Protein chains: 2
Amino acid sequence: MAILVAVTGWEAGPWVRRLKELAPGRRVLETGIDGVFAGNRDDLEAVRYVLAWKPRPELLASLINLQVLFSLGAGVDNILALPGLPDVPLVRIVDPDLTARMSEYVAWQVLHHHRQGFAHARLQVERRWQELRQPAAGEVTVGIMGLGVLGRDAAEALCRLGFRVIGWSRTEKVIEGVASYHGKAGLEDFLGQTDILVSLLPLTPETAGLIDGPLLAKLRRDGPLGGPVLINAGRGGSQVDADIAAALADGRLIGASLDVFQDEPLPAGSPLWSLPNLVITPHIAAVSAPRALARNIIDQITAFESGGPLQNLVDPARGY
Amino acid sequence: MAILVAVTGWEAGPWVRRLKELAPGRRVLETGIDGVFAGNRDDLEAVRYVLAWKPRPELLASLINLQVLFSLGAGVDNILALPGLPDVPLVRIVDPDLTARMSEYVAWQVLHHHRQGFAHARLQVERRWQELRQPAAGEVTVGIMGLGVLGRDAAEALCRLGFRVIGWSRTEKVIEGVASYHGKAGLEDFLGQTDILVSLLPLTPETAGLIDGPLLAKLRRDGPLGGPVLINAGRGGSQVDADIAAALADGRLIGASLDVFQDEPLPAGSPLWSLPNLVITPHIAAVSAPRALARNIIDQITAFESGGPLQNLVDPARGY
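Throughout what follows, the structure given in this document is the object of discussion. If you're wondering where the values come from, they're calculated on a predicted model, not measured in any experiment.

1. A look at the overall build of chain A
Then step 1. For chain A, the helix and strand inventory stands at 11 helices and 12 strands.
Then step 2. On the principal axes, the C-alpha backbone points of chain A span a range of 70 × 40 × 35 Å.
Then step 3. Within the span of chain A, comprising 320 residues, buried residues form 56% of the whole.
Then step 4. When contacts within chain A are restricted to residue pairs at least 6 apart in sequence, those whose partners lie at least 24 apart make up 61%.
Then step 5. Of the charged side chains in chain A, 30 are positive and 35 negative; the average position of the first set lies 3 Å away from that of the second.

Right, here's the structure in full:
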């Protein structure tokens, strides 16, 4: 009944230590930072649960007694895309800590653009004391794409700060105080009202490349900020980096914040790094902290072994 | 029963237009941008209400039928300090729009320092993709000085974002979810727990120069951000600019955001402009918008003339 932490590019150590603290009697195995597992055949057979971030597909395929796969990120596209993915339940992370961190990031970047952070920074460099025309939050509409747990919490935090918030999702969702649109039919109405577009979309075949030049051209152009803003803290695969760069250059976007990119890490040679009015962060909007998340996973394993249901199961057909 | 808009350094026009829209039958007079009133003796006698921002003291003294003085800013120190201030009720602005704008500013700057905005901007300039250690909001304590309408609303917004919030004020205040301290006796306990100090204090003899080197030295030094942060969106007179500069230079503060200064406008030659990890904004945290505030004032005048009480009266002895 061993647990295997199978991660590529991260140190597994903090996860392993935290799991052992929470479940002292349980065997916890780990891969190296290259995702390779050095265990023998008995070890492979002992593994019932895997905590995965970009796991090696051949490793998953060799776990003949695997029962549940836990994704260590909110997005599961990196796991669903694996060749020969074992046919076991896949659980995605839904954790109050992760959700709160995402809402922190969204509120931070929405406020940065709303309160003209770049313009104030330029005035400071020029040592100029000059008041800018500042709309109230209630005059600004934030449009959130993706109304799952993360989108709903961000919507609520932004409403508390006084913004008008609207939402768009694949299927119909009802959130108090948030006018919601859905599907292809609702997209144009949603975009036409949106001053600050926030994407928290998962990466699925339907969202791949969705945020492109034609979509950005549909955002509200005569809003109180002087033009639209894009914030993507979802998945880089849902955006077209070059179209965003072009829109920032020609003024179709007056600002943007990107935490995710088509290629990550963003190559040092990318022209995005030096675009004005663009905030770049290295996929850190909501980073899973072992301290907060390991408890959730151990609780789920305990419930599962007592015959209980798993929470936050991914539907592979839907993609999230 | 005329209303006079008496402002120095601002155009009175937008206020006058808005007041006339809301109260078409009423006479509305105005000063020039230099605060000088060009009316004759009959005009002076007609004035019952003044809306004031840095009014000229000799003008106020000449209004022999003045009944109520409305301050157009949340702080009233500029009016209380006038020589020969007429002995009429002084009303300060308490408006949902002004309150919301202040909470926007506080949340923006708290998130900027909490989410390491300066460090991320430097990484972006260097084209480096590097994850920084990021504490959760719940690990960070924001200490708010001043628990009036503005402080309470900011506390609530920060709690919603997940921060631990504590407060300090002159007299005892009770806010749900916020541990509160008061008076000189409570100051040291308050500061010793505070990672991000937010001042929304009014300027009074008790608060003048309060935020100085010795006070900053009492902030929590071993917190999750690596050191304390100061945000002042209250009054410049409550801080010692040079002590803040020194604390930023020697690391007693790891960052600060100042919207207010001892001398405003901040002189172009001030060394503050170019300090690293300092955000400077030109006293714009919460600017009164005529659209939102004029309604409140007209409603108060109407109620006053029907014999009702005035809201948000200033106690001159207390200073706010």
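2. Quick notes on the relation of the copies chain A and chain B
Two copies of the chain are present, and they differ by a rotation about an axis and a shift along that axis.
Then step 1. The operation relating chain A to chain B is a screw motion whose rotation component is 180 degrees, with 0.0 Å of axial translation and a residual RMSD of 0.1 Å. On this basis, the relationship between the two copies can be described by a two-fold rotation axis. Every residue of chain A has its C-alpha some distance from the rotation axis, and the shortest such distance is that of Trp108 of chain A, at 3.0 Å.
Then step 2. A share of 100% of the interface residues of chain A reappears at the interface of chain B, consistent with the copies meeting face to face through the same patch.

3. Some details on the sheet that holds strand E6 (residues 141-145) of chain B
Paired through backbone hydrogen bonds, the strands of a sheet run either parallel or antiparallel to each other.
Residue and element names in this part refer to chain B.
Then step 1. On the basis of which strands lie adjacent, the open sheet formed by seven strands has the order E8-E7-E6-E9-E10-E11-E12 and parallel pairing. With one partner strand each, in any of the chains shown, strand E8 (179-182) and strand E12 (278-280) form the two edges of the open sheet. Taken over all neighbouring pairs, the strand axes of this sheet differ in orientation by 15 degrees on average, direction set aside.
Then step 2. In this sheet, E8 lies alongside strand E7 (residues 164-169) in parallel orientation, the contact comprising four bridges. Residue pairing across strands places Trp168 opposite Tyr181, the latter belonging to E8.

4. Some words on the pairing of strand E4 (residues 68-71) of chain B
All names here are of chain B.
Then step 1. Neither face of E4 is exposed, since Val68 and Phe70 on one face and Leu69 and Ser71 on the opposite face are all buried.
Then step 2. Alignment of strand E3 (residues 47-53) against E4, held across four bridges, turns out to be parallel. For Val50, the partnering residue across the bridge sits in E4 and is Leu69.
Then step 3. Relative to strand E5 (residues 90-91), E4 runs parallel, the two being bridged by two bridges. Across the sheet, Phe70 pairs through a bridge with Val91, a residue of E5.

5. With respect to the nonpolar core
Then step 1. Membership of the largest hydrophobic core comes to 62 residues, with the highest contact counts inside it found for Ile144 and Phe163 of chain A together with Ile144 and Phe163 of chain B.
Then step 2. Those residues in contact with Ile144 of chain B that lie beyond four places of it in its chain are Gly151, Ala154, Ala155, Leu158, Val165, Ile166, Gly167, Trp168, Phe190, Val198 and Leu200 of chain B.
Then step 3. Grouped together as the second largest cluster of nonpolar side chains are 29 residues, Phe190, Leu191, Ala245 and Ala256 of chain A included.

6. Structural notes on the pattern of salt bridges
Then step 1. Across all of its chains, the model carries 30 salt bridges over all chains by this definition.
Then step 2. Between Arg160 of chain B and Asp153 of chain A there is a salt bridge whose closest N-O contact spans 3.1 Å. One end of the pair, Arg160 of chain B, is in helix H7 (residues 149-160); the other, Asp153 of chain A, is in helix H7 (residues 149-160), on a second chain.
Then step 3. For Arg160 of chain B, a relative accessible area of 23% translates into the label partly exposed.
Then step 4. A single salt-bridge network, built from bridges that share partners, covers Asp153 and Glu156 of chain A together with Arg160 of chain B.

7. Considerations on unusual backbone geometry
Then step 1. Cis geometry is found at the peptide bond from Glu264 of chain A to Pro265 of chain A, where omega equals -5 degrees.
Then step 2. Topologically, Pro265 of chain A is positioned in the loop between strand E11 (255-258) and strand E12 (278-280).
Then step 3. Even without being a glycine, Arg127 of chain B presents a positive backbone phi close to 55 degrees.
Then step 4. With respect to the helices, strands and loops of the structure, Arg127 of chain B is situated in the loop between helix H6 (117-125) and E6.

8. Some points on the packing of aromatic side chains
Then step 1. Counted according to the given criterion, the structure contains 10 aromatic pairs over all chains.
Then step 2. A centroid spacing of 6.1 Å and a plane angle of 85 degrees characterise the contact between Tyr49 of chain B and Phe304 of chain B, whose relative ring orientation is edge-to-face. Taken together, the residues Tyr49 of chain B in strand E3 and Phe304 of chain B in helix H11 (residues 290-305) connect sequence positions 255 residues apart.
Then step 3. The cationic tip of Arg318 of chain A hangs over the ring face of Tyr320 of chain A; the distance from NZ or CZ to the ring centre is 4.1 Å.

9. Considering the side chain of Asp195 of chain B
Residue and element names in this part refer to chain B.
Then step 1. Along the chain, Asp195 falls in the loop between helix H8 (183-193) and strand E9 (196-199).
Then step 2. Judged by relative accessible area, Asp195 falls into the buried class, the value being 2%.
Then step 3. At 3.1 Å, the side chain of Asp195 forms a polar contact with the side chain of Arg220.
Then step 4. Look past the residues within four positions of Asp195 in its chain and what remains in contact with it is Glu139, Val140, Thr141, Arg220, Gly223, Pro224, Gly227, Pro228 and Val229.

10. Notes on the packing of helix H1 (residues 13-22) of chain B against H11 of chain B
All names here are of chain B.
Then step 1. For the pair H1 and H11, the least separation of the axes is 9 Å and the interaxial angle reads 50 degrees. Here H11 runs oblique to H1, going by the angle between their axes. Relative to H11, the crossing made by H1 is right-handed. Residues Pro14, Trp15, Arg18, Leu19, Glu21 and Leu22 of H1 form the contact with H11, whose own contacting residues are Pro290, Arg291, Leu293, Ala294, Arg295, Ile297 and Ile298.
Then step 2. Of the residues contributing to the contact of H1 with H11, the split by class is nine nonpolar, no polar and four charged.

11. Digging into the sheet that holds strand E2 (residues 28-30) of chain A
Residues and elements named next belong to chain A.
Then step 1. Read across the sheet, five strands follow the order E2-E1-E3-E4-E5 without closing on themselves; strand pairing throughout is parallel. Of all strands in the sheet, those bounded by a partner on one side alone are E2 and strand E5 (90-91).
Then step 2. Strands in contact with helix H1 (residues 13-22) are strand E1 (2-7), E2 and strand E3 (47-53); relative to E2, the strand with the most contacts, it is inclined by about 175 degrees.

12. Topic: the interface of chain A and chain B
Then step 1. Each partner contributes residues to the interface: chain A has 48 residues there, and chain B has 48 residues.
Then step 2. With both chains or domains summed, chain A and chain B bury close to 4,200 Å², and 57% of this area falls on carbon and sulfur atoms.
Then step 3. Here chain A and chain B share six salt bridges between them.
Then step 4. Two residues, Arg160 of chain B and Glu156 of chain A, come together in a salt bridge whose shortest N-O distance is 3.2 Å.
Then step 5. Applying the counting criterion to the chain A and chain B interface returns 30 residue pairs in polar contact (both at pLDDT 80 or more).
Then step 6. Listing elements by their share of the side of chain A that touches chain B, those giving two or more residues are helix H5 (96-114), helix H6 (117-125), H7 and E12 of chain A.
Then step 7. Sort the elements by how many residues they give to the side of chain A that touches chain B and H5 of chain A lands first, with nine residues.
Then step 8. Residue composition of the side of chain A that touches chain B, by class: 23 nonpolar, 12 polar and 13 charged.

13. Notes on the environment of Lys173 of chain B
Residues and elements named next belong to chain B.
Then step 1. Examined against the element boundaries, Lys173 turns out to sit in the loop between E7 and E8.
Then step 2. Of the residues examined, Lys173 reaches a relative accessible area of 24% and is grouped as partly exposed.
Then step 3. As a C-alpha pair, Lys173 and Leu253 span 80 residues in sequence and 28 Å in three-dimensional space.

Procedures and definitions
Residues numbered from 1 in each chain as written. Chains lettered and ligands numbered in written order. Predicted model: local features only at pLDDT ≥ 70, side-chain atom pairs only at ≥ 80, totals over all residues. Heavy atoms only, no water. Helix = DSSP H or I, 4+ residues; strand = E, 2+ residues; numbered from the N terminus. Buried < 20%, exposed > 50% of the residue type's maximum accessible area, 1.4 Å probe, protein only. Contact = heavy atoms within 4.5 Å. Lys, Arg positive; Asp, Glu negative; His and termini not counted. Charge placed at Lys NZ, Arg CZ, Asp CG, Glu CD. Least-squares fit on C-alpha atoms with pLDDT ≥ 70 in both. Pairing = 2+ DSSP bridges. Axes fitted to C-alpha atoms, helices over the stretch in contact; angles between N-to-C directions. Core = buried A, V, L, I, M, F, W, Y, C linked by side-chain atoms within 4.5 Å. Salt bridge = Lys/Arg side-chain N within 4 Å of Asp/Glu carboxyl O. Phe/Tyr/Trp six-rings, centres within 6.5 Å; stacked < 30°, edge-to-face > 60°. Lys NZ or Arg CZ within 6 Å of the ring centre and 35° of its normal. Polar contact = N/O pair within 3.5 Å; in protein donor to acceptor, adjacent residues only side chain to side chain. Parallel < 35°, antiparallel > 145°, perpendicular 65-115°, else oblique. Left-handed = near helix turned anticlockwise from the far one by under 90°. Nonpolar A, V, L, I, M, F, W, Y, C, P; charged D, E, K, R; others polar. Buried area = accessible area lost by both parts, 1.4 Å probe.

Structural measurements only, silent on function.
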